[in-house]
Amino acid sequence: MQSTEAPFTLVPFLEQVNYVGIFRDGFAVAECPGFRRAGIINRQGEWVLQPHFDSVKQGERYVARSGNDYMVVGVDGSVGQRKYQAIGGFNSGLSPAKIDGKYGVIDLEENEIVPFSHDNIGVFSCGLARTTDNGINGYINAAGQFAIPQIYANASNFNENLASIIPNDKRKWGIINSTGAHVVPAIYDEIGKFVNGMALFRRGDVRGFLNSNYEEVFPGKFDDCGTFSPDGIAVYE
């Protein structure tokens, strides 16, 4: 006979609720119809953060939006005193945030790790965050120091320790690793992010994939292709 004991929990239906997100550590985002409708509920279906917000985003810390203001909120009902123009989302305990038109970085307690002095900062991934000033891109580390200098006309966030970049003197995409070494030359019109060791590329009218050895595989003239799943399958058209 199958056990019906914990960790399974049935949460009672909440009236006036039209959405409940995935539970994480016993809490979930919930929404009800109407203006300012999002909050957080617990396993008992009780509101621990009242639904007074336009949206609430789950993560290492919850982020709520009210109008044009973003705030860090807690499952204890707390609302951060500081209001931001944007919060990028916490990863490894850090998040880019925007105040007075400039980006900086905050930690889980809203301590300022990187001053609000940059034009743009991406989310932290692989210990690095893309940072843009005057249209030029580089990467900072968790201490706010430039680990890879701002020398790129365009750049992606890191994924699987690799990022796509366009050098300032080029018009094509290449790839660097997390040390800043160029592992794929800037010869491609498009390069997607690496997922399960494969990245989609376009060179002229030819599309294919770069593998983890940076070799071109499955080159062909298909219109589009999805990313590879962990069991090695991708769908193309």
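The structure we're discussing is the one just above.
Residues numbered from 1 in each chain as written. Predicted model: local features only at pLDDT ≥ 70, side-chain atom pairs only at ≥ 80, totals over all residues. Heavy atoms only, no water.

Could you give me a rundown of the sheet that holds strand 11 (residues 112–118), with the residues and numbers involved?
Either a parallel or an antiparallel arrangement is found when strands of a sheet pair, and the pairing is made through backbone hydrogen bonds. Here four strands make up an open sheet; going across it, the order is 8-9-10-11 and the pairing antiparallel. Each edge of the open sheet is held by one strand with a lone partner, namely strand 8 (86–87) and strand 11. Where strand 8 meets strand 9 (residues 94–99), two bridges bridge the pair, whose relative direction is antiparallel. Looking at the pairing, Ala86 lines up with Lys98 of strand 9. (Pairing = 2+ DSSP bridges. Helix = DSSP H or I, 4+ residues; strand = E, 2+ residues; numbered from the N terminus.)

Can you tell me about the pairing of strand 21 (residues 206–210), naming the residues and giving the values?
The element strand 21 is extensively covered by neighbouring structure, given that five of its five residues are classed as buried. Pairing analysis gives five bridges linking strand 20 (residues 199–203) to strand 21, with the strands arranged antiparallel. Looking at the pairing, Ala199 lines up with Leu210 of strand 21. Hairpin connection from strand 20 to strand 21: two residues lie between these consecutive antiparallel strands, with Gly204 at a positive phi of about 70°. Note that strand 21 and strand 22 (residues 216–220) share three bridges and pair antiparallel. In the sheet register, Leu210 faces strand 22, and the bridge partner there is Glu216. Here strand 21 folds back onto strand 22 in antiparallel fashion, the turn holding five residues, of which Tyr214 has a positive phi close to 65°. (Buried < 20%, exposed > 50% of the residue type's maximum accessible area, 1.4 Å probe, protein only.)

Talk me through the pattern of salt bridges; I want residue IDs and the actual numbers.
With the rule as written, the count across this model stands at nine salt bridges. Taking the shortest distance from any N to any O, the salt bridge between Asp54 and Arg65 comes out at 3.4 Å. Remark: Arg65 occurs in strand 6 (residues 62–66) and Asp54 occurs in the loop between strand 4 (47–53) and strand 5 (55–57); sequence separation between them is eleven residues. Accessibility expressed as a relative area gives 26% for Arg65, which makes it partly exposed. Here Arg202 ties to Asp189 by a salt bridge, and the two come within 3.8 Å at their closest N and O atoms. Of this pair, Arg202 sits in strand 20 while Asp189 sits in the loop between strand 18 (182–188) and strand 19 (190–191), and the two are 13 residues apart along the sequence. (Salt bridge = Lys/Arg side-chain N within 4 Å of Asp/Glu carboxyl O.)

Go over the sheet that holds strand 6, please, and point to the residues and values.
Read across the sheet, three strands follow the order 5-6-7 without closing on themselves; strand pairing throughout is antiparallel. A strand with exactly one partner marks an edge of an open sheet, and here the two such strands are strand 5 and strand 7 (69–73). Here the strands of the sheet are splayed against their neighbours by 25° on average, with no regard to which way each runs. (Axes fitted to C-alpha atoms, helices over the stretch in contact; angles between N-to-C directions.)

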